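If you want the building blocks of each chain, they are given just below.
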Amino acid sequence: AAPGTPQVMPTIYERTTAAAIAHGAINLGQGFPDTEGPDWLLELAARAITEPETGPRNQYAPGMGLMELREAISAAQARRQQVTLDPATQVMVTTGATEGISAAILAFARPGSEVLTFEPHYDSYGACVALAGARLVGVPLRGPEFRPDLDAFEAAITERTSMILLNTPHNPTGTVFSTEELTRIVELARAHDLRIMCDEVYEHLMLSDARLPHRSILSIPGAEEVAVAVGSAGKSFSVTGWKIGWVTGGAELVSQIRGVKQFLSFSSGPAFQWAIAHALEDDRGFFAQNTAELEAGRDLLRDGLQELGLAPNRAEAGYFVLGNVSGITSLSAAEFCRILVEEVGVAAIPVSALTIQHLATPSDELEHLVRFAFCKDHATIREGLRRMREHL
Ligand code: PMP
Ligand code: GLN
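Residues numbered from 1 in each chain as written. Chains lettered and ligands numbered in written order. Predicted model: local features only at pLDDT ≥ 70, side-chain atom pairs only at ≥ 80, totals over all residues.

S.K.: Provide a residue-level description of the nonpolar core, including the pertinent values.
M.R.: Among the nonpolar cores identified, the biggest contains 118 residues, and Ala 104 and Ile 196 are the most heavily contacted of them. The residues that make up this core include at least three from each of domain 1 (12–37 + 286–391) and domain 2 (40–281). If sequence neighbours within four positions are ignored, Ile 196 has contacts with Ile 164, Leu 166, Ile 185, Ala 189, Ile 217, Val 226 and Ala 227. (Core = buried A, V, L, I, M, F, W, Y, C linked by C-beta atoms within 7 Å. Buried ≥ 20, exposed ≤ 12 C-beta atoms within 10 Å, placed from the backbone. Domains from an automatic or database assignment. Contact = placed C-beta atoms within 7 Å.)

This is the structure we're talking about:
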């Protein structure tokens, strides 16, 4: 591969979904709901496409995104996080959170520099850091609580560090970073002149027994000069295929990220942007209903994994619960997942696929963790558990 080429292989998510289809397996791997988003939201997008009185919605959207959506994002952040964002300069719509993450990394990770994150991490971070010609450095989150060790994080900062990648609520651990943790990270970034990209795509997916509220990085005093937050309409409203996301933060940082974003996709999905603007203004009870359903799915899956001896974590937010296979087998999670999909008929993701490979040693806890998605129909989760009970 050419220098800077991250990987030619399809992502772990695509490979897992393909394996699930090939083996007729229940797919608890890739994180997407197996039901549609709310009907009224689908109807809004359909209207935007076909009814011209909603405005022209089938040609290029403005590069920064539809103003209606930027205003709705700004209003939602003011309401939920008491953060003030100028929609004209501090809010940019992206093609999914994925593009916001890529553009932020390409804007701020200097070639030859180091980018610091917590392990495990969302797969696109490593790929984009490689595309930027930088090197990803990871500090592990350790079970059973998966809290960040900020002394280890601080110790990992060197004069080569250019950027920090955060994710709260965190995929796959469900860890919600505390105000104190975020404050310390912002202070470190300011002291060392680092930029922060904070991936907040699960901000609307907080389960009722979470011990900490979600705090946006932008609600931390002093964050605006060093940090941007990234959000996702796909995750927030269960329409992952729409690929509408956003980047928010200080005007100067957003402008630098825009410089990159305009040459990635330029813009996308004005009809979806219009529908999401309305949904953010009034979610019609969707967030409450969705998190209640997710929580019931989480409980079902967690209880089942507990019974199977997989010692699940609390999973307080997002789509995923972690199981640890070391209590039932000496196989690595990667080998366990291969057998699980091929012989048991359940697809799940080994957490080692979400870590920097050189970090993991066979004795490492991360080698034994398996990620199961609970953002699935409850009948699907029940059938997955039934198959596991039968075979494990
Ligand atoms: N970040 C994290 C942590 C994710 O789990 C995902 C997957 N939804 C994304 C980013 C990508 O979001 P989107 O689908 O909006 O591009
Ligand atoms: N975010 C989803 C997950 O974590 C997958 C998204 C993708 O396939 N790129 O499973």
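We are not done yet, so read on.
S.K.: I'd love a proper account of the sheet that holds strand E11 (residues 349–350), names of residues and values included.
M.R.: The antiparallel open sheet is built from three strands, whose spatial order is E9-E12-E11. The outermost strands of the open sheet, each flanked by one partner alone, are strand E9 (320–324) and E11. With two bridges joining them, E11 and strand E12 (residues 369–373) adopt antiparallel strand pairing. Residue pairing for E12: Ile 349 is matched across the bridge by Arg 371. Of the strands in this sheet, E9 and E12 are in contact with helix H11 (residues 286–307), which crosses E9 at around 5°. (Pairing = 2+ DSSP bridges. Helix = DSSP H or I, 4+ residues; strand = E, 2+ residues; numbered from the N terminus. Axes fitted to C-alpha atoms, helices over the stretch in contact; angles between N-to-C directions.)

S.K.: How would you summarise the site of ligand 2 if you had to cite specific residues and measurements?
M.R.: Every residue close to ligand 2 is listed here: Thr 11, Tyr 13, Gln 30, Gly 31 and Asn 171. Per-class residue counts for the shell around ligand 2 are one nonpolar, four polar and no charged. (Near = placed C-beta within 6 Å. Nonpolar A, V, L, I, M, F, W, Y, C, P; charged D, E, K, R; others polar.)

S.K.: Hey, could you go over the site of ligand 1 for me, with residue numbers and the actual values?
M.R.: Taken together, 15 residues are adjacent to ligand 1, and Gly 96, Ala 97, Thr 98, Asn 171 and Ser 232 come closest. Breaking the shell around ligand 1 down by element, the ones donating at least two residues are helix H4 (96–108) and helix H8 (233–236). Broken down by element, the shell around ligand 1 gets its largest block of residues, three residues, from H4. Looking at the shell around ligand 1, its residues break down into three nonpolar, nine polar and three charged.

S.K.: I'd love a proper account of the confidence of the model for the protein chain, names of residues and values included.
M.R.: For the protein chain, the average pLDDT comes to 95, and 96% of its residues sit at 70 or higher. Here the predicted complex scores 0.97 on pTM and 0.97 on ipTM. (pLDDT = per-residue confidence, 0-100.)

S.K.: Please provide a residue-by-residue account of the environment of Gly 245, values included.
M.R.: Note that Gly 245 resides in strand E8 (residues 244–249). Along the chain, Gly 245 and Val 344 lie 99 residues apart, while their C-alpha atoms are 36 Å from each other.

S.K.: Would you mind going over the packing of H11 against helix H13 (residues 378–391) in detail, with residue names and values included?
M.R.: Running from N to C, H11 and H13 point in directions that differ by 5°, and their axes come no closer than 10 Å. The orientation of H11 with respect to H13, classified from their angle, is roughly parallel. Residues Ala 296, Gly 297, Leu 300, Leu 301 and Gly 304 of H11 pack against His 378, Ile 381, Arg 382 and Leu 385 of H13. The class makeup of the residues in the contact of H11 with H13 is five nonpolar, three polar and one charged. (Parallel < 35°, antiparallel > 145°, perpendicular 65-115°, else oblique.)

S.K.: For the packing of H4 against helix H5 (residues 123–131), give the residues involved together with the corresponding values.
M.R.: Each pair of packed helices gets described by two things: the angle between the helix axes and the distance between those axes. Running from N to C, H4 and H5 cross one another at 35°; their axes reach a closest spacing of 9 Å. Here H4 runs over H5; the crossing is right-handed. Of the residues in H5, those in contact with Thr 98, Ile 101, Ser 102, Ile 105 and Leu 106 of H4 are Ser 124, Tyr 125, Cys 128, Val 129 and Leu 131. Of the residues contributing to the contact of H4 with H5, the split by class is seven nonpolar, three polar and no charged. (Left-handed = near helix turned anticlockwise from the far one by under 90°.)

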